[in-house]
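# Remarks on the overall topology
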Amino acid sequence: MSKKNGIEAFSRRSFLRSAATFGVAALAAPALAQQDQTPLDALINNRARGNWDDQFDAKAAARTAAAVQSNTPILGPDSVPNIQQAIAQYQNIAANGGWPQITPGDQKLQLGVTDGAVQALRQHLMVTGDLPREAGISSAFDSYVDGAVKRFQARHGLPPDGVIGDFTLKAMNIPANLRLQQLNTNLVRLQTFPADLGRRHVMVNIPATRVEAVEDGQVALRHEAIVGRESRPTHLINSKIYEVILNPYWTAPRSIIIKDIMPLMRKDPTYLTKNNIRLLDGKGQEVAPETIDWNSDKAPNLMFRQDPGKTNAMASTKINFYNPNNEYMHDTPEQGLFNKLMRFDSSGCVRVQNVRDLATWLLTDTPGWPRQHIEQVISTRVNTPIKLATEVPVYFVYISAWSAADGIVQFRDDIYNLDGNAQLALDTTQGMEQPVQ
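In this report, we go over the structure that sits alongside the text. (Residues numbered from 1 in each chain as written. Predicted model: local features only at pLDDT ≥ 70, side-chain atom pairs only at ≥ 80, totals over all residues. Heavy atoms only, no water.)

Here we come to the nonpolar core. With 34 residues, the main nonpolar core has Val 202, Ile 241, Met 329, Leu 358 and Leu 362 as its most contacted residues. Beyond its immediate stretch of four places on either side in the chain, Leu 362 contacts Arg 200, Val 202, Ile 241, Val 244, Ile 319, Leu 388 and Val 392. By size, the runner-up hydrophobic cluster in this structure holds 25 residues, among which are Leu 180, Met 203, Trp 402 and Phe 411. (Core = buried A, V, L, I, M, F, W, Y, C linked by side-chain atoms within 4.5 Å. Buried < 20%, exposed > 50% of the residue type's maximum accessible area, 1.4 Å probe, protein only. Contact = heavy atoms within 4.5 Å.)

Okay, here's the thing in C-alpha cells:
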C-alpha cells in the first residue's frame, strides 16, 4: 500500500469509526435528508466534530484557554495518528461546504452585543466544535459564544479575550479546505521525525513560538519563545544540547555587526561603551572604538564581545547545541517582548522565557547543579560554562497545525510562508490585535 493510499484508508477508517461512535455515519444520512437539513445543519449536528464540546460549560469560559493546552507533546509517537484523525474531521467539514464567513457590522462582536453577524459566528463555532449545538442560533453574543470564541482563539495561538479582533477574524475566515491543506502539509512534516526522540528532549516549534521540554512522553516544561523574524529565520535542525553557560559573554555575529552595530555607531559613537561591548583583535587584545572608522563600507575584522551582566543580550543564560548557524537558546534582558501577540523578532537565535527553569531541567543529570547553586553563580556575574553530563536531543521544527489525543485541533500563523498559501500567514507580527470596528 502506498503512503498516500495508506493515509486515505486511515482517514476513511477514522471517520467511519467516529461516525459510528456518535451515530452520524451513513445510517444517519437518510434521517437528515428526511428533515431537509442543509450540509451546514448536518455539520452542526455531527457529533464527530470533536469530543470537547460535550463538556463545555459557559460559566467556565475563563478556563477555556487552559483546557486547550495538553500534556501531550506536539512531537511524539502519537503525533501522526492524531493529525490523521484531525484530517478526517476536516475532510468531512470541507466536503460539506466548510463554515460560514464572518462579516461584522458596525458593532464590535463581543460579550453582550446583539448583532445579526452573531448568527453566522455561532454556526461557524458549531462546525469547528468550539460551541455546543445546544447553544442554538441567535443574534446574542452571550456567555456561550464568549467561551467558544476564547476556545477558538486559544486553538489558534491568539489572546483568548473573547473579542472578534482583526487577527481572530482573519483566522476564522480562512476556508476549511485551506485548513485541510495545512493539516496535510504538517502531516508530511511530522512523518519525517524518528519514532524515538529520546526519553528527555527539547522541541522548539517556530510557528507556535513555543519550547517544550519532554520527559517520558509528557511535557515537563513549556516556555514562550522569541524566534527569528522572516528576514532572519531560525533554522530547522535536529541536534543535541551539550552546554549551559551562566553569565555568558555575547559575541556579535558578523551579520549583526554589519546590519545593526555599524549603523548604530555612526549615530552614537558611545554605543559600544554604554552597552559594555569590547573590541578584541585576533590576539585577544582590546581595541579602542574611537580608533575605528565607523563610516567605512567594511566592518572592522574584530570580535565584538559583550561582558556578562544585566545589559548582556543573553542576560543570565545561554544554551548551546551543535549547529552550523551559530544559533543558540538564551535569556533576554527585554522580558517585555514575551508580551507581544506574536514573537518573531530575533536574528535567528531563540530567546526563552523563564529560561532558568529550562537550564535547571537540562542540568538534572549533571551533578552539583541544583537550582539554588545556579542562582548563586548567576549572582556573581562570572562567566561559567557547564558541560551536560548527558547531552539532550533538541528539535527545531516548523509545525503550524497539529492535534492531541483529545481531538482539539490547533493552528498557528504561517510566519515563514511555508504552508503554500498566503492566506495562512495572518501578519500577526505587527503590534497587538485590535478589535474590528
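Residue position: Leu 424 is located in the segment after strand E15 (409–411). In sequence terms Leu 424 and Gln 182 are 242 residues apart; their C-alpha atoms lie 8.2 Å from each other. Look past the residues within four positions of Leu 424 in its chain and what remains in contact with it is Ile 174, Leu 178, Arg 179, Gln 182, Arg 412, Asp 413, Asp 414 and Asp 419. (Helix = DSSP H or I, 4+ residues; strand = E, 2+ residues; numbered from the N terminus.)

Although it is not a glycine, Ala 315 adopts a positive phi angle of roughly 50°. Here Ala 315 is to be found in the loop between strand E8 (303–306) and strand E9 (317–321). On the accessibility criterion, Ala 315 (12% relative accessible area) is buried.

This brings us to the packing of aromatic side chains. Considering all chains together, one arrives at seven aromatic pairs under this definition. When the ring of Trp 294 is compared with that of Phe 304, the centres are 6.1 Å apart and the planes differ by 75°; the resulting orientation is edge-to-face. Here the residue Trp 294 occupies a position in the loop between strand E7 (286–287) and E8, and Phe 304 occupies one in strand E8, the gap between them amounting to 10 residues. A single burial state applies to Trp 294 and to Phe 304, both of which are buried. Judged by centre distance (5.7 Å) and plane angle (25°), the rings of Tyr 398 and Tyr 416 are stacked. With Tyr 398 in the loop between strand E13 (384–397) and strand E14 (401–403) and Tyr 416 in the segment after E15, this pair connects stretches of sequence that are 18 residues apart. Both residues of the pair, Tyr 398 and Tyr 416, count as buried. Clustering of aromatic rings is evident, with ring pairs tying together Tyr 90, Trp 99 and Phe 411. Seen from the ring of Phe 411, Arg 179 lies directly overhead, with NZ or CZ sitting 4.5 Å from the centre. (Phe/Tyr/Trp six-rings, centres within 6.5 Å; stacked < 30°, edge-to-face > 60°. Lys NZ or Arg CZ within 6 Å of the ring centre and 35° of its normal.)

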